[in-house]
There are 4 protein chains.
Amino acid sequence: MNSFGLKFRVTTFGESHGKALGCVIDGVPAGLKIDEAFIQDRLDKRKPGKSKLETSRKEDDKVEILSGVFEGVSTGTPIAMVIFNTNQKSKDYENVKDIFRPSHGDFTYFHKYGVRDYRGGGRSSARETATRVASGAVAQLLLKELGVKIVSGVSAIGTIEAKTHDFDYASSSPFYALDKSVAHLQESAIMEAKNTHDSIGGVVITKAIGVPIGLGQPMYYKLDAILADAFMGINAVKAVEIGDGMQSAKVKGSINNDQINKNGFLSNHAGGILAGISNGDTITVTTHFKPTPSIFQAQKTTNTQNEEVLCELKGRHDPCVAIRGNIVCEAMMALVLADMALLNMGSKMEHLINIYKK
Amino acid sequence: MNSFGLKFRVTTFGESHGKALGCVIDGVPAGLKIDEAFIQDRLDKRKPGKSKLETSRKEDDKVEILSGVFEGVSTGTPIAMVIFNTNQKSKDYENVKDIFRPSHGDFTYFHKYGVRDYRGGGRSSARETATRVASGAVAQLLLKELGVKIVSGVSAIGTIEAKTHDFDYASSSPFYALDKSVAHLQESAIMEAKNTHDSIGGVVITKAIGVPIGLGQPMYYKLDAILADAFMGINAVKAVEIGDGMQSAKVKGSINNDQINKNGFLSNHAGGILAGISNGDTITVTTHFKPTPSIFQAQKTTNTQNEEVLCELKGRHDPCVAIRGNIVCEAMMALVLADMALLNMGSKMEHLINIYKK
Amino acid sequence: MNSFGLKFRVTTFGESHGKALGCVIDGVPAGLKIDEAFIQDRLDKRKPGKSKLETSRKEDDKVEILSGVFEGVSTGTPIAMVIFNTNQKSKDYENVKDIFRPSHGDFTYFHKYGVRDYRGGGRSSARETATRVASGAVAQLLLKELGVKIVSGVSAIGTIEAKTHDFDYASSSPFYALDKSVAHLQESAIMEAKNTHDSIGGVVITKAIGVPIGLGQPMYYKLDAILADAFMGINAVKAVEIGDGMQSAKVKGSINNDQINKNGFLSNHAGGILAGISNGDTITVTTHFKPTPSIFQAQKTTNTQNEEVLCELKGRHDPCVAIRGNIVCEAMMALVLADMALLNMGSKMEHLINIYKK
Amino acid sequence: MNSFGLKFRVTTFGESHGKALGCVIDGVPAGLKIDEAFIQDRLDKRKPGKSKLETSRKEDDKVEILSGVFEGVSTGTPIAMVIFNTNQKSKDYENVKDIFRPSHGDFTYFHKYGVRDYRGGGRSSARETATRVASGAVAQLLLKELGVKIVSGVSAIGTIEAKTHDFDYASSSPFYALDKSVAHLQESAIMEAKNTHDSIGGVVITKAIGVPIGLGQPMYYKLDAILADAFMGINAVKAVEIGDGMQSAKVKGSINNDQINKNGFLSNHAGGILAGISNGDTITVTTHFKPTPSIFQAQKTTNTQNEEVLCELKGRHDPCVAIRGNIVCEAMMALVLADMALLNMGSKMEHLINIYKK
């Protein structure tokens, strides 16, 4: 249950304020060059405290590889990576030890397990996404060898939406904004939320370019379904769209269908997926993040004795989780595609003949 | 890959124009009364040809139980069910045998597998959802014993949206409309699409009431993530929302958070799920269906030799797949919840002590 | 839990005296020629009532393919097969309805599930192995394309052991005996057991020749471990050996090690597997079957009210389950190897480059 | 593939001469007291270098828990444990860097993956079993709460077999010998093998007492089949028996059947398992270990260029792997039973009603 993927399979562990977080990646083909600097770079992009738009918790998020790599190359055995926690302030959480922060996992974890590690949300903290990013980076290394490129960016902050999607711009923006022309408005909206001890929602668009035709395993491991699983599972995500998504439900078939000529599809309303299988066109996923539930306004809640109390948070929180979530989206896209690339092997007898008879 | 669920696990098989479709349900606890009439009733609600709003293909969709039930009660062994196809007209598909229908699985199935059963879409046909409904009905029987109730309805057809959500009305509406006041407009939109040889999208809302607190397995089998998987995997679905979904991304935390008093949550923006675990409140999923890709207008496409040709469909197709999709949504909700109820057993030592030491 | 294999995945269903047994095979690569006559032939070799050495229950065991095959070729979608029961005599079991037959699953099924289908052992009957044989036959068709050949035979009946292993002879022997010189003694032992209303144990040897190097997934899906799982899971099996098996534990390393020269291994004590991975040499599994527990002598037992009663069986039973078990062994070998051949794809980056970049 | 178990699921990583070994245990119910001293004690019993009968490699095998435990109690989140390697001598392996040690995984790892970590066998080293023992210790803590006790001992060294099985004696014997009367002969056999630069095989018996009736999931996750998988997967194991095992195949049903009276079974030839499900009696598994393949005599082999060379090993190796394997057997028994105890929950509707409706 703490594993993701079937053949490129990641198992993660660790709590926000425990000793360490980590992951074990099983199924990495042998012979992949493991570029540690790239993995660290992905973590650096996700790590907190890079700007005033993010939580002030500072973590180095220095990754250490414990196994599965020999002389810089994957050996086919599990790749374990750990990130030690260095900047926990557990005492920030003393006052919420017995109370349920509204819209957090506190309530559900407590009822499901009967006990909980209250420090910083424990396992339910978005800090866990560091391990998604580390393992996603390995998936990206694999996908690069196959010619797949993943990009992403923030399209909306609250109600302020991008009009254009410039992924180059996003990669240089401090909050991965897709549209320079509205970025300052979006930044103001974030700061306004922060300054009023509030938080704000946002939307991320993730694309994968150069994906081979044929990825996705019908009937119950379809590419779109597993992408939905992967993205909805990111902390704070409440909606996922593939291609035109919601817009598709509003139009007629004659508008929504992607006609074809010998050079390929004439449009890409489908977002690169038909019947759960990649069609060779760019894959597009839109992910909607709710505002960070941790806000610094007093809120009504109860405690573990079901007494009514006020929740008054301390601690350090992102005013908008979509920002760092953007990097996690790229990781999840990579994890899904690497897994699907491996799973698709053997869909035809030809694949087996290629490998075993030649 | 043709299985869904981990402990309440359904494996389905069958093609649109093959001999039969069917499913095997593994993990049904022994001692559940299997009400065959209820299962058949669910299939009858999904089956085609009930009204002019649906495809004119008429299938009895008569279900037959082959195993796993003895004297009306589940025995703990796999329950296999089959539905024989009786009204296939394979010759309707002779003329599309070598061409790719725009926005269908034809193109991707052909490239993934190298061969395809072109008759009626083969395995990629929405006819497969009959087996989801049959197995979902068994899940519903199990959930009823736990006090869980599932309802659903169609909230939008194209751009015409329900203003109120009346699930009682939906259950008596020929197209499961949620709002009587706009139902006639929605019906007109469907008929207009049909009469112009086109199709139209729609939106379904599905709710589960009375779900116990604690269902959902973090970190990678979260309740919301698996619901997203389940619903996105239904044919023609392009977006899935949990609770307020997209709306949550537009607002601030102070608006979106669900505060708590000793009687429970003061609002339900979360749609009954926090940190991937049910919180006891009503679970809400909104599902967006694209318009049926099979339309009767000429469309540009290619064939298996990559020659450009016109696609001119015959056959019988739903003008709006959201309608019958509505019943499939209930089935998927039930399958996910039954699985999660079983998986949650053992989350605490107390559960084991209860079962093994008392 | 009623599924076997990860990528070549078989799900079986059905009870001894229910309507039908069947299986769904998921993961068969598209483009495999499905030779139905071969599948039926395997079932015919396993089916009961072929000689006086077997139970007199006569079943046609006629297999019907419901899906996944189009124009004689696999399409990549699940292949479902059913075998309808035709010669059940449920009333044979009326008198054991409430009692536990010694060394049967009656006792454990009743306690685990609280209910049981007592007719002919229900799901615990060896009749279930028909579906293993049907799906194993499809695995054999796949393996033939890769140059793998599977043979087997009965090496011992009770204490009478074969001195030579002649797999050609076995294939023509009515009870798959490996050594013509002791076959008549073994046959007498079976008949003697039968005539005294008793039963007798036996041993089967199964070999796979031409298996590619590299099959088997360490650390917890090793080839030898999964073969042990597969063979121990066959009804009545109580011990499994790989290669020299038990003998290896009695000797020194200098005797047991297989030295190597440039043409390959100088001996095969290992049975073709090193560190859980095939080494290219012949794979050998030895399987020990206990005597059929259903004997026609009075035995002490209890009933569902825990009262002491005598068990006096009617019905029709094999005097030696190892005989028909021999065919099941071949099926399990094939299922494991087909699965492993698929799973191994992607062990090296080279495999991915082959398939996606060429 | 580096995970074991379905609900109590262990994922392990690490190489013999890498930075660290470790495991992640997913599915430990919340509220289990985690006794670290017990875990360390199990590791101490397995660790090398305790006597002259074992390899002289000395490892502290000090375990560190990184997650999943809060204030001494499991929280329901993954428990990660690491053991850092401290006493590697990689240069011992320089001379076998390119050659295949006879009967090792060198040959198969190289061919499967194209690369290998040659230092100490890399991942294929029995050093990996430290992580089995660490996770097995957590399983044992869980099973203790359910009243299950696991014992084991060495019954044979080479051809010298125990006549009695005294598990108390075994726990105090330096090589876990079951029979004091032959222990000195067995010890001499080990020393003789060691002194002649050879190695020797051995046999281990493992028992589980007090196992609840009903554990084991037919049809393809039977208790006996998964025990066979678990034990055969231990390094150097070549045969596994349940209950009377091989002996059962030599006798008649009237001898082998376990008759029943109201106090239970009158014998236990079955080894506590019927039809793949525990029957409440003691579970018995017999495991046959081949002699350590690493011997210090010159052996014929080839190198990665398929040139014939002599293998002349340095390094430090156990003369008899069965000894330390004994502790691993207990761990595997515990892992299987803990998993089965969790999986069995939900076999009856009664279990669900107990947990969700009371």
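Here goes a summary of the coordinates provided.

The rules behind each value
Residues numbered from 1 in each chain as written. Chains lettered and ligands numbered in written order. Predicted model: local features only at pLDDT ≥ 70, side-chain atom pairs only at ≥ 80, totals over all residues. Heavy atoms only, no water. Helix = DSSP H or I, 4+ residues; strand = E, 2+ residues; numbered from the N terminus. Rg over C-alpha atoms; globule rule 2.2 N^0.38 Å. Buried < 20%, exposed > 50% of the residue type's maximum accessible area, 1.4 Å probe, protein only. Contact = heavy atoms within 4.5 Å. Buried area = accessible area lost by both parts, 1.4 Å probe. Salt bridge = Lys/Arg side-chain N within 4 Å of Asp/Glu carboxyl O. Polar contact = N/O pair within 3.5 Å; in protein donor to acceptor, adjacent residues only side chain to side chain. Nonpolar A, V, L, I, M, F, W, Y, C, P; charged D, E, K, R; others polar. Least-squares fit on C-alpha atoms with pLDDT ≥ 70 in both. Pairing = 2+ DSSP bridges. Axes fitted to C-alpha atoms, helices over the stretch in contact; angles between N-to-C directions. Parallel < 35°, antiparallel > 145°, perpendicular 65-115°, else oblique. Left-handed = near helix turned anticlockwise from the far one by under 90°. Arc of directions from axis to C-beta.

In this section: the overall build of chain A. When you go through chain A residue by residue, the secondary structure sums to nine helices and 18 strands. Relative to the compact-globule value of 21 Å for 358 residues, chain A shows a C-alpha radius of gyration of 21 Å, a close match. Its C-alpha atoms put chain A at 65 × 50 × 35 Å along the principal axes. Across the 358 residues in chain A, those meeting the buried criterion constitute 70%. Of the contacts formed within chain A by residues at least 6 apart in sequence, a portion of 69% connects residues at least 24 apart.

Between chain D and chain B, the contact holds 27 residues from the first and 27 residues from the second. When the two sides are added together, the surface that chain D and chain B hide from each other amounts to roughly 2400 Å², 68% of it contributed by carbon and sulfur. When residues of chain D are sorted by the area they lose upon contact with chain B, D:Met345, D:Met349 and D:Tyr356 head the list and together hold 30% of the total. Joining chain D to chain B, the criterion identifies zero salt bridges. On the surface where chain D and chain B come into contact, there are 12 residue pairs in polar contact (both at pLDDT 80 or more). Looking at the side of chain D that touches chain B, the elements with two or more residues in it are α3 (129-145), α8 (321-343) and α9 (349-356) of chain D. Here the side of chain D that touches chain B takes six residues from α9(D), the largest share from any one element. When its residues are assigned to classes, the side of chain D that touches chain B shows 17 nonpolar, six polar and four charged.

It is worth spelling out the relation of the copies chain A and chain B at this point. Once chain A has been moved 0.0 Å along the axis and rotated by 180°, it coincides with chain B to within an RMSD of 0.0 Å. Within this description, the copies of the chain are treated as partners about a two-fold rotation axis. Of every C-alpha in chain A, the one belonging to A:Asp229 sits nearest the axis of rotation, 2.4 Å from it.

Moving on, we come to the sheet that holds strand β1 (residues 3-4) of chain A. All names here are of chain A. Sheet architecture is open: five strands sit in the order β1-β2-β3-β7-β4, paired in antiparallel fashion. Edge strands, defined here as strands with exactly one partner in the open sheet, are β1 and β4 (63-65). Pairing geometry for β4 and strand β7 (residues 79-84), over three bridges, is antiparallel. From the neighbouring strand, Glu64 faces β7, where its bridge partner is Val82.

We now examine the packing of helix α1 (residues 36-46) of chain C against helix α3 (residues 129-145) of chain C. All names here are of chain C. Two elements in contact, α1 and α3, have axes whose closest approach is 9 Å; the angle formed by their N-to-C orientations is 135°. As the angle between them shows, α1 and α3 are arranged oblique. At the point where α1 passes α3, the crossing takes the right-handed sense. Contacts between α1 and α3 pair Phe38, Ile39, Arg42, Leu43 and Arg46 from the former with Thr129, Ala130, Val133, Ala134, Ala137, Val138, Gln140, Leu141 and Lys144 from the latter. Considered class by class, the residues forming the contact of α1 with α3 number nine nonpolar, two polar and three charged.

Counting from both sides, the interface comprises 100 residues of chain A and, opposite them, 100 residues of chain B. Overall, the association of chain A and chain B removes approximately 8200 Å² of surface from exposure, summing both partners, and the carbon and sulfur fraction of that is 59%. Of all residues in chain A, A:Met1, A:Lys112 and A:Tyr220 give up the largest surface area on contact with chain B, accounting jointly for 11% of the area buried on that side. Connecting chain A to chain B are two salt bridges. Across the contact surface, chain A and chain B share 59 residue pairs in polar contact (both at pLDDT 80 or more). Residues that form the side of chain A that touches chain B fall into these classes: 40 nonpolar, 40 polar and 20 charged.

Overall, antiparallel pairing links the 10 strands, which are arranged β9(A)-β8(A)-β10(A)-β16(A)-β11(A)-β11(B)-β16(B)-β10(B)-β8(B)-β9(B) in an open sheet. At either margin of the open sheet sits one strand with a lone partner, and together these are β9 (160-161) of chain A together with β9 (160-161) of chain B. Sheet contacts for helix α6 (residues 223-232) of chain A: β10 (202-209), β11 (237-242) and β16 (283-289) of chain A together with β11 (237-242) of chain B; angle to β11(A), the most-contacted strand, approximately 155°. Those strands touched by helix α8 (residues 321-343) of chain A are β8 (149-157), β10 and β16 of chain A, and its axis lies near 30° from that of β10(A).

This brings us to the pairing of strand β8 (residues 149-157) of chain D. Residue and element names in this part refer to chain D. Among the nine residues of β8, eight are classified as buried, and the element is accordingly described as predominantly covered. The sheet contact formed by β8 and strand β10 (residues 202-209) spans eight bridges and is antiparallel. The residue bridging Ser152 from the neighbouring strand is Thr206, located in β10. Adjacent in sequence and paired antiparallel, β8 and strand β9 (residues 160-161) are bridged by two residues, among which Gly158 carries a positive phi angle near 55°.

Now for the pattern of salt bridges. All names here are of chain A. By the definition in use, this model includes 60 salt bridges over all chains. Residue Arg46 pairs with Asp61 through a salt bridge whose shortest N-O separation is 3.3 Å. Taken as a pair, Arg46 in helix α1 (residues 36-46) and Asp61 in the loop between α1 and β4 lie far apart in primary sequence, 15 residues in all. Asp61 shares its class with Arg46; the two are buried.

The subject of this paragraph is helix α9 (residues 349-356) of chain C. Think of an α-helix as turning once every 3.6 residues; residues three or four places apart then point the same way. When α9(C) is considered as a whole, its buried residues turn out to be C:Met349, C:His351, C:Leu352, C:Ile355 and C:Tyr356. Taken around the axis of α9(C), the buried residues stretch over an arc of 155°, which confines them to a single face. Buried residues along α9(C) sit in contact with α3 (129-145), α8 and α9 (349-356) of chain A.

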